[in-house]
Amino acid sequence: MDLQQLCQWRYATKKMDPARPVPADKVERILEIARLAPTSSGLQPYEIVLVTDAALRERIRAAANGQAQITDGSHLLVFAAWDDYTPERINRVFDQTNADRGATLPGWEDYRQRLLSAYPQRGAAHNFEHAARQAYIGLGFALLAAANEGVDSTPMEGFDPAAVDAILGLRARGLRSVLLMPLGYRDAANDWLVKLNKSRRPMAEFVSSAAAPDA
Ligand SMILES: Cc1cc2nc3c(=O)[nH]c(=O)nc-3n(C[C@H](O)[C@H](O)[C@H](O)COP(=O)(O)O)c2cc1C
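About the cut-offs
- Residues numbered from 1 in each chain as written.
- Predicted model: local features only at pLDDT ≥ 70, side-chain atom pairs only at ≥ 80, totals over all residues.
- Heavy atoms only, no water.
- Helix = DSSP H or I, 4+ residues; strand = E, 2+ residues; numbered from the N terminus.
- Buried < 20%, exposed > 50% of the residue type's maximum accessible area, 1.4 Å probe, protein only.
- Areas by Shrake-Rupley, 256 points an atom, 1.4 Å probe, with all protein chains shown as cover.
- Lys, Arg positive; Asp, Glu negative; His and termini not counted.
- Charge placed at Lys NZ, Arg CZ, Asp CG, Glu CD.
- Pairing = 2+ DSSP bridges.
- Contact = heavy atoms within 4.5 Å.
- Axes fitted to C-alpha atoms, helices over the stretch in contact; angles between N-to-C directions.
- Salt bridge = Lys/Arg side-chain N within 4 Å of Asp/Glu carboxyl O.
- Patch = residues over 30% accessible without salt bridge, like charges linked within 9 Å, V, L, I, M, F, W, Y side chains within 5 Å.
- Near = heavy atom within 4 Å.
- Polar contact = N/O pair within 3.5 Å; in protein donor to acceptor, adjacent residues only side chain to side chain.
- Nonpolar A, V, L, I, M, F, W, Y, C, P; charged D, E, K, R; others polar.
- Phe/Tyr/Trp six-rings, centres within 6.5 Å; stacked < 30°, edge-to-face > 60°.
- Lys NZ or Arg CZ within 6 Å of the ring centre and 35° of its normal.

### Things to note about the overall build of the protein
On a plain count of helices and strands, the protein comes out with 9 helices and 4 strands. Taken from the N to the C terminus, the helices and strands of the protein come in the order α-α-β-α-α-β-α-α-α-β-α-β-α. For the protein, the C-alpha atoms occupy an extent of roughly 60 × 55 × 35 Å along the three principal directions. Here the protein, with 215 residues, has 41% of them falling under the buried criterion. Of the roughly 11800 Å² that the protein leaves accessible, carbon and sulfur atoms contribute 54%. Averaging the locations of the 25 positively and 26 negatively charged side chains of the protein gives two centres separated by 2 Å.

Right, here's the structure in full:
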């Protein structure tokens, strides 16, 4: 399938088959694509917490309006954003880049200083929102990567983040849950959504050509 066909094939799966676990190698490739997703300044200010433990997923499901995909799927990806940009976190990323490139580039070091003097002072609430936006990019990449593996998934923000943070002990790690993404295989016989046409706004509404306001 080409990319467009994959986007038609995937859908926000409502009913997964609990008897069909996703193989570990597929999960690893999905995670690797998420890791390769771009982020602002390359900070990657979120982590993915992989949850397979059945009891933990039961508790998370209860904090997510009972959404069954969380327990019917075999793996649950929890996208958890940094609660703030600290100098330690920024420096860690810049040091990693230097190590990966085997060089300390002056322009990159100038950029490090710019972020260090700007980001930590913006306040945790602002920084968390910025970090959370980066997690959504990773979610998008992971959704497509799952489809490319023939794996079904559901993007989810219908859950109580504070409850999920408590269940997984995220706040103590400086993280806050932003998104859930169960992985599994569709139960086509029992999923009300699987046979319905994909619905999107028409291209003419979705894309417009720019014109000067006074033209
Ligand atoms: C950020 C985000 C949050 C979503 N939250 C939920 C959710 O909590 N539960 C759910 O069943 N679907 C959820 N969806 C699925 C959307 O309703 C779905 O993607 C949209 O209707 C388009 O349909 P499709 O993904 O099947 O093409 C979410 C999607 C996104 C992108």
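### Here we look at the sheet that holds strand E2 (residues 75-82)
Ordered by their spatial adjacency, 4 strands build an open sheet running E1-E2-E4-E3, and the pairing between neighbours is antiparallel. Lying at the two open borders of the sheet, with one neighbouring strand each, are strand E1 (46-51) and strand E3 (152-153). In the sheet, E1 pairs with E2 via 6 bridges, with the strands oriented antiparallel. Bridging from a neighbouring strand, isoleucine 48 pairs with phenylalanine 79 of E2. Against the sheet, helix H2 (residues 24-35) makes contact with E1, E2 and strand E4 (175-184), and its axis sits at roughly 170 degrees relative to E1, the strand it touches most.

### Some remarks on the pattern of salt bridges
Enumeration according to the criterion identifies 13 salt bridges in this entry. The residue lysine 15 makes a salt bridge to aspartate 72 at a minimum N-O spacing of 3.1 Å. One end of the pair, lysine 15, is in the loop between helix H1 (3-9) and H2; the other, aspartate 72, is in helix H4 (residues 69-72), with 57 residues separating them in the sequence. Ionic pairing is found between arginine 29 and glutamate 149, a salt bridge with its closest N-O pair at 2.8 Å. With arginine 29 in helix H2 and glutamate 149 in the loop between helix H7 (124-148) and E3, this pair connects stretches of sequence that are 120 residues apart. Of the residues examined, glutamate 149 reaches a relative accessible area of 15% and is grouped as buried.

### Considerations on a nonpolar patch on the surface
A surface patch of nonpolar side chains, amounting to about 320 Å² of accessible area, comprises Ile33, Leu36, Ile137 and Phe141. On the secondary structure map, isoleucine 33 appears in helix H2.

### Considering unusual backbone geometry
In this structure, glutamine 44 is a non-glycine residue whose phi angle is positive, near 45 degrees. The residue glutamine 44 is located in the loop between H2 and E1 in this model. Of the residues examined, glutamine 44 reaches a relative accessible area of 38% and is grouped as partly exposed. The phi angle at asparagine 65 is positive, at roughly 55 degrees, despite the residue not being glycine. Positionally, asparagine 65 belongs in the loop between helix H3 (54-62) and H4. Asparagine 65 gets classed as exposed once you look at its relative accessible area, which sits at 68%.

### Thoughts on the site of the ligand
The immediate surroundings of the ligand are formed by 15 residues, with Arg10, Lys14, Gln67, Lys198 and Arg200 found nearest. Lysine 14 places a polar side-chain atom, nitrogen or oxygen, 2.6 Å from an oxygen atom of the ligand. Looking at the shell around the ligand residue by residue, the class counts come to 6 nonpolar, 4 polar and 5 charged.

### Topic: the pairing of E4
In terms of residue burial, E4 counts as a mostly covered element, since 9 of its 10 residues are buried. As paired strands, E2 and E4 are joined by 8 bridges and run antiparallel to one another. Residue pairing for E4: valine 78 is matched across the bridge by leucine 180. Across 2 bridges, E3 lies against E4 in antiparallel orientation. Bridging across to E4, serine 153 finds its partner in leucine 183.

### Quick word on the packing of aromatic side chains
For the structure shown, the criterion picks out 6 aromatic pairs. Between tyrosine 85 and tyrosine 119, the aromatic rings sit 5.1 Å apart at their centres with planes inclined by 40 degrees, giving tilted as the arrangement. Within this pair, whereas tyrosine 85 is found in the loop between E2 and helix H5 (87-101), its partner tyrosine 119 is found in the loop between helix H6 (106-118) and H7, the two being separated by 34 residues in sequence. Pair check on accessibility: tyrosine 85 and tyrosine 119 agree, each one buried. The ring centre of tryptophan 108 lies 5.4 Å from the NZ or CZ of arginine 101, which sits over that ring. Over the face of the ring belonging to tryptophan 9 we find arginine 186, whose NZ or CZ atom lies 4.1 Å from the ring centre.

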